[in-house]
Amino acid sequence: MSAKKHKGTVRKGKDKKDNFPSRAEETSAGTGHPDYIFPLVLTSATQELFGCRGDVDVSVDKPHKLLRKDDIIVDMRNRAAVSDFSVIKQAVLDYPDEEMLLVFDRDFTYGQSFYLVLTVEAKENMLRPPADVEGEEDGGDEMSETPVQKTPEPTPWSSLGSEREIEEESVMDTRPRLMYKFSRVRREFGAPPRFSDYHSGDVVSCPSYHDKSFSLCRMERETSVQAVPNTKSSSTQTLWFCYRKHPRNMCTQYEPRELEEEEKELALQSDDLRRFLSSVTARFDLAIQQNEIMNVFVDDWRNLGDDDSMFGGKVDTHLKEYQSFTHTHYRTNNTITYVCWHPTVSGVIAVAVSESLSFEERINDSTLLLLHPALILFWSFSDPINPQLMLECPHDVFCFEFCPSDPNVIAGGCMNGQVVLWDISAHVDKLQGGRGGGIDKHTSNTNVLSFEDRRVRAPPVGYSAVSAVESGHRAPITDIQWLPENFQVSRTGIPLENKTLVSVQIVTCAPDCCVMFWDLRAPRMGLNALTDTKQKSEQKSVENHGVSSTFKHLDLTWKPLFRVTLPKLDTSGEYSPLKFSLRACKGNGPAEKSVATGDRPEPPDYSQLRVPSAKHQQPLEDISTKIYTSTEDGEIVYTDWKLEKDNESGRLFSPKPTYCFKVHDCQVNTLLLSPFFEDIILTVGGWNFAIWKEDVMAGPIVRSACSQKKCTAGSWSLTRPGLVYIGKEDGTLEVWDLLEKTHEPSQSQNVSTTCITCIKPWTVSLRQQLLAVSDHQGTLHILQVPWLLRHPAANEKLNVSRFFEKEVERLVFFEKRRETQAREKKDMEAAEQRRKTEAGVAVKQVEELVEEAQKEYEDYVTLDRVILKDMGLTTHTQDISDP
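Caption draft 1: Seen up close, the overall build of the protein chain. Counting its regular elements, the protein chain contains 19 helices and 39 strands. Across the 883 residues that make up the protein chain, the buried fraction comes to 36%. A separation threshold of at least 6 residues defines the contact pool for the protein chain, and within that pool the share at least 24 residues apart is 65%. In the form shown here, the protein chain has an accessible surface area of approximately 57400 Å², with 52% of it arising from carbon and sulfur atoms.

Here's what the structure looks like:
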């Protein structure tokens, strides 16, 4: 910092009589200060070290401070060039006395705040001025001080050590800089480019980066926030009467009027009633017949306008939010991993909640996670704040499904690879008593209990059984499905008839490269062993405080029936499946409705079921054993789950997949079978989605273009064959109508601010359809599907089927065209090779003729020389010099 300009003051009387050089002498010296002093810049650390802090230890009234010479030398020795006294090191060493005088210059008379006196005589004169001067000052009057303007004079620059610090902090080259020169052959200038394929490992990777020129960062923003109290407007049916000063609540109670028994008998036996019944009997019979033939309550005008609304009219296509569920009392920072509607109780939906933690965070918080187990929450439209039921899980659950035979039995896949079973038959009354039906939303907030009451009403329900850790998957289970009721599989994967018509087997998959089949039935045993097991299960049910003992025979001992591996086609190794789809496990069709609990058959008792003998089971030939699986690398694998037997060793092994395609850039998160077509499958992953047909081996029949955001979830529509819902990582929900356009979505709507994790549709009735969408923040959004998106057009299924057939024909045409082009290219290369060979032969023949002619010419020249020499017409010198 440059020294500040201060107005100097000249003290008349005292300063003039000091034995110091005058100001003119100082200026004539050329240094700006006398020779017996030296201005210094003392840092705060130096001032504190020597006790000379400005305006604290020294001031204008007491500007003098004596410093020991030895202390200054020690400071210069310890701090070297950093010491403030290093610039006058030699002057300090030559100073004869033991103490040196430091003067605080508040007015910056010599350009700095301090100056050091370098001679003993000057020190004595400053500390003890002459007596006559003191007497004159004591006896005389004080002379007035008049400010005198001083013109700053330039002084030569003196080094204080700053350039050394700059050199230490600067970066210097330790070696000569390398120079590279890139050049190109001259003949390649302007040549047409030739492109070819290279292996990714041979080419230098060019990672993507964020270009700052295309983004603007807002550095400052003005925002105002104003807090206002919540306002609420409510009213009742009380009227404000003029003669009353304040309103009063009033109520009226009604009760029906009924006839007495005697009056009823007289009315039934009266002639008027008989004549009335006789007159209306014919018309009543006709009305009953008409009701059986046709529905007289159908609005024909509304049906006539169905098809017209598809091409014009102002129809609402917006997905409206019907309800939302979120719960933060039990777990925070959670995400929803899976969603499933209850198959029988309308208005009830179950969600699996998991902590959104990384692998390192799970290790660090393992103790906390054990204290707060994972949960499956059952939400009802009657209470959007508190769950109706909670299922306790041993670990985080990534997938679960209700049993088709008994909806009270639930199977789920855990993060540690275990399969867990729940039996909620003892708690189903809580779900049925709190269902809202999804029809009247105005009754959803009635009779809402407090949080403490809900905790007592809906305690966590423990699981009935869990599989053995050592026999399960080695990775998190990502998909689970029940086998249908009409068949079962053997230990080799052969479909067998199921005489009990009860779903007893489960299929799971995980990224540990295998698909496992599980059986819920207990193995065959004797009568005594069966009685002992039943007694033990009853004892355990009492000990477990109400936890069902239906599957206690499987707890911690459950092992898979068999496992199917997925070996790779061309190389060694195996595929890592994430999702799978069984053709035999197709869900209900478009007429899917929620069935009342009373209409279903009595649920089976799984504790009494046993594995039957293989001798009494017949194999089924009409059941397809093919399975679609999607991998974490974006591959779609089509294989067979039936195991094959090695002829040499006799061991069972999984066959090679039929085909494998990679159309997605990363893991495939959705693989669903169409509810209308048995051979159409939807896959969603990466930045696109694809639709496959089982019999087509050339690839997907429909493949969307890559989008800017990743696709994280997908689902078919339950009522429209050509409608697909796609969820994005930015919370956007896209609706694709394949009959309208396939290059872009027909509708796009933002549902959440975070990634969409799961999409599940549900048909409440013919007039209401709901869509459950879960996000990464743990919120479940229930959207109401508009009429246009739930009502199919006339012959829509037939049109979609024709569309798929045309896509198959297009794919087959392009495959044949690709083969034809490859064959033509091969023929052209062969013709080019033949042409080059023939041209090479012709060139070779020309070269041989030239060589023969040259040889004949040389023989002729040699013979000519010999003849001329024999005739003496030429000399020896001429022979040598002659060419």
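Caption draft 2: Unusual backbone geometry, seen in detail. Of note in the backbone geometry, Leu501 takes a positive phi value of approximately 55° without being a glycine. Residue position: Leu501 is located in the loop between strand E19 (495–497) and strand E20 (505–510). A relative accessible area of 54% means that Leu501 is categorised as exposed.

Caption draft 3: Structural detail: a nonpolar patch on the surface. Residues Leu863, Ile867, Leu868, Met871 and Leu873 make up a contiguous nonpolar surface patch of roughly 490 Å² in combined accessible area. With respect to the helices, strands and loops of the structure, Leu863 is situated in helix H18 (residues 796–870). The exposure class assigned to Leu863 is exposed, which follows from its relative accessible area of 53%.

Caption draft 4: Focus on the packing of aromatic side chains. Summed over the entire model, instances satisfying the criterion amount to 22 aromatic pairs. With centroids separated by 6.1 Å and ring planes inclined at 15°, the aromatic side chains of Trp341 and Trp762 adopt a geometry described as stacked. Note that Trp341 is positioned in strand E8 (residues 334–341) and Trp762 in strand E37 (residues 756–765), a separation of 421 residues in sequence. The two residues Trp341 and Trp762 agree in class, both being buried. Measuring from centroid to centroid gives 6.5 Å for Phe400 and Phe402, while their planes differ by 75°, and the two rings are edge-to-face. Look at Phe400 and you get buried, because its relative accessible area is 0%. According to the relative accessible area criterion, Phe402 is buried, its value standing at 8%. Pairwise contacts between aromatic rings join Tyr322, Phe325, Trp341, Trp379, Phe381 and Trp762 into one cluster. In this arrangement the basic side chain of Lys797 is found over the ring face of Phe677, its NZ or CZ atom lying 6.0 Å from the centre.

Caption draft 5: Molecular detail of the sheet that holds strand E39 (residues 780–784). Strand order in this open sheet of four strands is E7-E39-E38-E37, and the pairing throughout is antiparallel. This sheet does not close on itself; its edge strands, each paired only once, are strand E7 (320–325) and E37. Mean inter-strand twist for the sheet, computed between neighbouring axes without regard to direction, equals 25°. With eight bridges joining them, E37 and strand E38 (residues 768–775) adopt antiparallel strand pairing. What sits directly across from Ser765, in E38, is Gln768.

Caption draft 6: Structural detail: the nonpolar core. Judged by nonpolar contacts, the single largest core of 45 residues is most densely connected at Ile376, Phe378, Leu391, Phe400, Ile506, Leu520 and Tyr606. When near neighbours in sequence (up to four residues on either side) are disregarded, Ile376 contacts Ala350, Val351, Ala352, Leu389, Met390, Leu391, Cys393, Val397, Phe400 and Trp422. Membership of the second largest hydrophobic core comes to 21 residues, among which are Ile691, Ile701, Ile726 and Phe804.

Caption draft 7: Expanded view of the sheet that holds strand E33 (residues 711–716). On the basis of which strands lie adjacent, the open sheet formed by four strands has the order E33-E34-E35-E36 and antiparallel pairing. Sheet topology places E33 and strand E36 (747–750) at the edges, where each strand pairs with a single neighbour. Direction aside, the axes of adjacent strands within the sheet are offset by 20° on average. Here five bridges tie strand E34 (residues 723–728) to strand E35 (residues 732–737), and the two strands are oriented antiparallel to one another. Of the residues in E35, the one forming a bridge with Val724 is Trp736.

Caption draft 8: The arrangement of the pairing of strand E13 (residues 409–414) in detail. Counting buried positions along E13 yields six of six residues, so the element is predominantly enclosed. Here E13 shows no split at all, with Val409, Ala411 and Gly413 on one side and Ile410, Gly412 and Cys414 on the other all buried. With five bridges connecting them, strand E12 (residues 397–402) and E13 associate as antiparallel partners. Bridge pairing links Cys399 to Gly413 in E13. Hairpin connection from E12 to E13: six residues lie between these consecutive antiparallel strands. Bridge analysis of E13 against strand E14 (residues 419–423) gives five bridges, and the strand direction is antiparallel. The residue bridging Gly413 from the neighbouring strand is Val419, located in E14. Here E13 hands over to E14 after four residues, with Gly417 in that stretch at a positive phi of 95°.

Caption draft 9: Spotlight on the pattern of salt bridges. Across all of its chains, the model carries 21 salt bridges by this definition. A salt bridge links Glu188 to Arg184; its shortest N-O distance comes to 3.5 Å. The exposure class assigned to Glu188 is partly exposed, which follows from its relative accessible area of 34%. For Arg184, a relative accessible area of 51% corresponds to the exposed category. One salt bridge in this structure joins Asp272 and Arg275, with 2.2 Å as the shortest N-O distance. In this pair, Asp272 and Arg275 are both assigned in helix H10 (residues 271–293), three residues apart and thus about one turn of the helix distant.

Caption draft 10: Here's a closer look at a negative patch on the surface. Together, Glu847, Glu848, Glu851, Glu852, Glu856, Glu858 and Asp859 give the surface a local cluster of negative charge. Position of Glu856 relative to the elements: it lies in helix H18.

Caption draft 11: Looking closely at the side chain of Asp105. One can find Asp105 in the loop between strand E4 (99–104) and strand E5 (114–117). A relative accessible area of 6% means that Asp105 is categorised as buried. There is a polar contact of 3.2 Å between the side chain of Asp105 and the backbone nitrogen of Tyr110. The residues contacting Asp105, other than those within four sequence positions of it, are Tyr110, Gln112, Ser113, Phe114 and Tyr115.

Caption draft 12: Quick look at the side chain of Thr335. By the secondary structure assignment, Thr335 is in strand E8. Polar side-chain contacts of Thr335 include one of 3.2 Å to the backbone oxygen of His776. Contact partners of Thr335, with chain neighbours within four places excluded, come to Ala352, Val353, Ser354, Ser356, Thr757, Asp775, His776 and Gly778.

Caption draft 13: Spotlight on the state of the cysteines. Tallied over the entire structure, the rule returns zero disulfides. Distance from the sulfur of Cys706, which forms no disulfide, to the nearest cysteine sulfur (Cys711) is 8.8 Å.

Caption draft 14: Summary view of the environment of Ile636. Position of Ile636 relative to the elements: it lies in strand E25 (residues 635–640). Assessed through its relative accessible area of 0%, Ile636 is described here as buried. For the pair Ile636 and Lys579, spaced 57 residues apart in sequence, the C-alpha separation works out to 9.7 Å. Discounting residues that sit within four places of it in the chain, Ile636 has contacts with Tyr628, Thr629, Ser630, Tyr659, Cys660, Phe661, His664, Val668, Thr683 and Trp692.

Caption draft 15: Quick look at the confidence of the model for the protein chain. When pLDDT is averaged across the protein chain, the result is 79; 77% of the residues are at 70 or more. Counting contacts from residues 536–545, a segment whose pLDDT is below 50, to residues more than four positions away or on other chains yields five contacts.

Here is what the cut-offs are and how they apply
- Residues numbered from 1 in each chain as written.
- Predicted model: local features only at pLDDT ≥ 70, side-chain atom pairs only at ≥ 80, totals over all residues.
- Heavy atoms only, no water.
- Helix = DSSP H or I, 4+ residues; strand = E, 2+ residues; numbered from the N terminus.
- Buried < 20%, exposed > 50% of the residue type's maximum accessible area, 1.4 Å probe, protein only.
- Contact = heavy atoms within 4.5 Å.
- Areas by Shrake-Rupley, 256 points an atom, 1.4 Å probe, with all protein chains shown as cover.
- Patch = residues over 30% accessible without salt bridge, like charges linked within 9 Å, V, L, I, M, F, W, Y side chains within 5 Å.
- Salt bridge = Lys/Arg side-chain N within 4 Å of Asp/Glu carboxyl O.
- Phe/Tyr/Trp six-rings, centres within 6.5 Å; stacked < 30°, edge-to-face > 60°.
- Lys NZ or Arg CZ within 6 Å of the ring centre and 35° of its normal.
- Pairing = 2+ DSSP bridges.
- Axes fitted to C-alpha atoms, helices over the stretch in contact; angles between N-to-C directions.
- Core = buried A, V, L, I, M, F, W, Y, C linked by side-chain atoms within 4.5 Å.
- Lys, Arg positive; Asp, Glu negative; His and termini not counted.
- Charge placed at Lys NZ, Arg CZ, Asp CG, Glu CD.
- Polar contact = N/O pair within 3.5 Å; in protein donor to acceptor, adjacent residues only side chain to side chain.
- Disulfide = S-S within 2.5 Å.
- pLDDT = per-residue confidence, 0-100.

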